[in-house]
Amino acid sequence: MMDVTATVLNNVREYGDYWRLRVKIPARYAVRPGQFAMIRPSAQWEPILRRAMVFYRVERGAHALEAEFIYRVMGRGTRRLAQLRSGDRLDVLGPLGNGFTIGEPPPTGRDVALVSGGIGIPALYLLAAELRRRGFVPRLFHGDRTSDVERGLICVDDFYALLGRDHVLCTTEDGSYGQRGVVTDLLESALQNRAWRPLALYACGPEPMMKRVAQLAHQFHIPAELSLEAAMACGFGVCLACVQRVRRDDRITYVRVCCEGPVFRAEDIVWEEPMVDRPSSGGAQNGTP
Amino acid sequence: MTDLSVDIAGLHFKNPVLAASGTFGYGLEFAELIDLNQLGGFCTKGLSIEPLEGNPPPRIVETHGGMLNSIGLQNIGVRAFVEQKLPHLRRYQTHVIANVFGFSPDEYVDVIRVLNDGDGVAAYELNISCPNVKKGGMEIGNDPNEAARLTEAVKRVARRPVIVKLSPHAQSIAEVARAVEAAGADALSVMNTILGMSVDIYARRPRLGTVMGGLSGPAIKPIAVRMVFEAAQAVSIPVIGIGGIVTAEDALEFIIAGASAIQVGTANYADPGVTIKIIDGLKAYCRQQNIERIRSLIGTIRC
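Since we're looking at a predicted model, the values are computed, not measured.

Here is what the cut-offs are and how they apply
Residue numbering note: each chain is counted from 1, following its sequence as written. Ligands are numbered from 1 and chains lettered from A, in the order in which they are written. Given that the model is predicted, a residue must reach a pLDDT of at least 70 before its local features are reported, and side-chain atom pairs must reach 80 or more before they are shown or counted; all residues, however, enter totals for whole chains, interfaces and linings. pLDDT expresses, on a scale from 0 to 100, how confident the predictor is about each individual residue. Here, any two strands with at least 2 DSSP bridges between them count as paired. Per the convention used, a helix needs a DSSP run of H or I reaching at least four residues, while a strand needs a run of E reaching at least two, with both numbered from the N terminus. Only the stretch in contact is used when fitting a helix axis, every axis being a line fitted to C-alpha atoms; angles between N-to-C directions are given from 0 to 180 degrees. It is the C-beta atoms, placed from the backbone, that decide contacts: two residues are in contact if theirs lie within 7 Å. Any residue with 12 or fewer other C-beta atoms within 10 Å of its own C-beta is exposed, any with 20 or more is buried, and the rest are partly exposed; the C-beta atoms used are placed from the backbone. For this analysis, nonpolar core means a set of buried Ala, Val, Leu, Ile, Met, Phe, Trp, Tyr and Cys residues linked through C-beta atoms within 7 Å. When describing relative orientation, an angle under 35 degrees is termed roughly parallel and one over 145 degrees roughly antiparallel, while 65 to 115 degrees is termed roughly perpendicular and anything else oblique. Note on convention: the crossing is left-handed when the near helix lies turned anticlockwise from the far helix by less than a right angle, right-handed when the turn is clockwise. By the convention adopted, Pro, Cys, Tyr, Trp, Phe, Met, Ile, Leu, Val and Ala count as nonpolar, Lys, Arg, Asp and Glu as charged, and the other residues, Gly among them, as polar.

### What about the confidence of the model for chain B?
Per-residue confidence for chain B averages 95 on the pLDDT scale, and 97% of its residues sit at or above 70. Listed scores for the predicted complex are pTM 0.94 and ipTM 0.94.

### Points about the sheet that holds strand E11 (residues 194-197) of chain B
All names here are of chain B. The 4 strands are arranged E5-E6-E14-E11 in an open sheet whose pairing can be described as antiparallel. Two strands lie at the open edges of the sheet, namely strand E5 (60-63) and E11, each paired on one side alone. Across the sheet, the axes of successive neighbouring strands diverge by a mean angle of 40 degrees, strand direction being ignored. Bridge count between strand E6 (residues 66-69) and strand E14 (residues 212-216): 3 bridges; the pairing is antiparallel.

### Some thoughts on the confidence of the model for chain A
Parts of the model with low pLDDT should not have their predicted coordinates read in detail. Chain-level pLDDT for chain A is 93 on average; 94% of the residues reach the 70-or-more range. Ignoring residues within four places in sequence, the model shows residues 275-289 of chain A, a span with pLDDT below 50, making 51 contacts including any to other chains.

### Looking at unusual backbone geometry
Of the consecutive residues Gly94 of chain A and Pro95 of chain A, the connecting peptide bond is found in the cis state with omega at -10 degrees. Following the sequence through the fold, Pro95 of chain A ends up in strand E7 (residues 89-96). With an omega of 10 degrees, the peptide bond running from Gly261 of chain A to Pro262 of chain A counts as cis. Inspection of the secondary structure puts Pro262 of chain A in the loop between strand E15 (251-256) and strand E16 (263-265). Although it is not a glycine, Arg204 of chain B adopts a positive phi angle of roughly 55 degrees. Structurally, the position occupied by Arg204 of chain B is in the loop between strand E12 (199-200) and strand E13 (205-206). Even without being glycine, Val211 of chain B reaches a positive phi, approximately 75 degrees. Along the chain, Val211 of chain B turns up in the loop between E13 and E14.

### Here's the deal with the pairing of strand E10 (residues 187-190) of chain B
Residues and elements named next belong to chain B. Residues of E10 alternate between two faces, with Ala187 and Ser189 on one and Leu188 and Val190 on the opposite face, all of them buried. As paired strands, E10 and strand E15 (residues 239-242) are joined by 3 bridges and run parallel to one another. Counterpart to Val190 in the pairing with E15 is Gly241.

### Focus: the nonpolar core
Grouped together as the largest cluster of nonpolar side chains are 187 residues, with contacts concentrated most on Val213 and Met232 of chain A together with Leu188, Val228, Ala231, Ala259 and Ile262 of chain B. Top contributing element to this core by residue count: helix H6 (residues 221-234) of chain B, with 7 residues.

### A few points about the packing of helix H1 (residues 78-89) of chain B against helix H2 (residues 105-116) of chain B
Residue and element names in this part refer to chain B. With their axes 9 Å apart at the nearest point, H1 and H2 run at an angle of 15 degrees to one another. One finds that H1 runs roughly parallel with respect to H2. Read as a crossing pair, H1 and H2 show a hand that is right-handed. Contacts between H1 and H2 involve Val78, Arg79 and Val82 from the former and Val111, Val114 and Leu115 from the latter. Here the contact of H1 with H2 is composed, by residue class, of 5 nonpolar, no polar and 1 charged.

So this is what it looks like as structure tokens:
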């Protein structure tokens, strides 16, 4: 973990509220799939908190990292990030969090499933790349509410290039791209087809999706890892804001999403009763937009 | 060479910049990011006699100029602090101030007794002003008599200087400050967070799990400066200023208004290196203003 001043290479709107930020980080740390950074425009105190963003793609050069972050403009913080231009400075604290667990393929099979909803998709790119590198065959199930006429769905083209078109299955709630419906229904029908039985599920998305993935993992006896989001102030274990209830050593306890997470085994998570139905934000990003 | 050192409660601080309780963990979390030896000191997360789980989430909400929190004093308990954290902190040349919390005066005393045996604690800071716990905390801090009684009880057992952290909710900060001074407090920390609330207009629900929480950040700074000014006028013991400090200029406002030192809180979340930048900023100000010793600046406000 280190806090460095990075430089914006470019910061472009993909479509709708989705943006892609590419930065040069003067450090050479290794990033594990699923790890994140806390980001703010340098020395900016309004809004007061940094935003948590998962590393989307990372290239390690001789003296620096080039990293991409995908974000959704949802509030004051992300609006401020969207104003960054090439050459602007930003403070990047990272890499943070535990990241996904990746083993080696067993003799019994190589298929794994990745499941994402909305702004959850960037958390799975480095994972997909690493899984492929180790000989797994990942299949991505991705859903969003709607798509863009020209651009399709955020990040999906990158996954096509990485995994091949037939290994990326999409849904939209309005039917404008891929299958109409929600991604977990598509996942469920795929799991019911006995010909394909993934060794593991990895997911990142809005809470209703994650709960459904946890249920399906349980029902089909497949180990699952979920990358959670939570409102966090610091990102490195100090503020104790981002707690999640989990089962640990036969008891239920709070742990920090930023340090003990953001990735948890599905069966360890104790879901809070939903307070209310919120308008779908469709995004696993920082809880402080 | 500018002298940034200050003396508070019989302790010599290399500079007046401390990190505030609850925003600096147990110190060790920051060791990877900054040189702890450069700090005047830091206050630990509030320590209770037993570990506390804290409040149900959501525990923070960002607001204009700051944030609300209702962490609920989650901590590992004073014994775990003494056994697991303190040994690692001894290698640093900075003052470790143990922030102490209890649900009753007896519990404060119990925590102090455990800390008395811990090697490496410079002082105690009594949290009598946490807005996030129903009993203890704020009720004591709002009542000069209760605050004085607790201070007396703690002073009887404490083997180290006692700093009392005051609440902004007292009817008169000057009155509580005087009562606590009379009860033997060695210094005051002014102030804790201000009780606030935020509403999710779509859900029509509070944004915090506990409905209300403590407001911190730049938004509260003018209130904190005023309270430090009032407290410093009322007592002769040193006052440590806290509330919304993010820059050296902010820190200087407090010092000129009467603070002998300052604590940086919420800013540590957004910038783990902020305390070091503030120390550098104080040096630059003193050089530019031809101030040899920063202590000569304390309380020099002319009204």
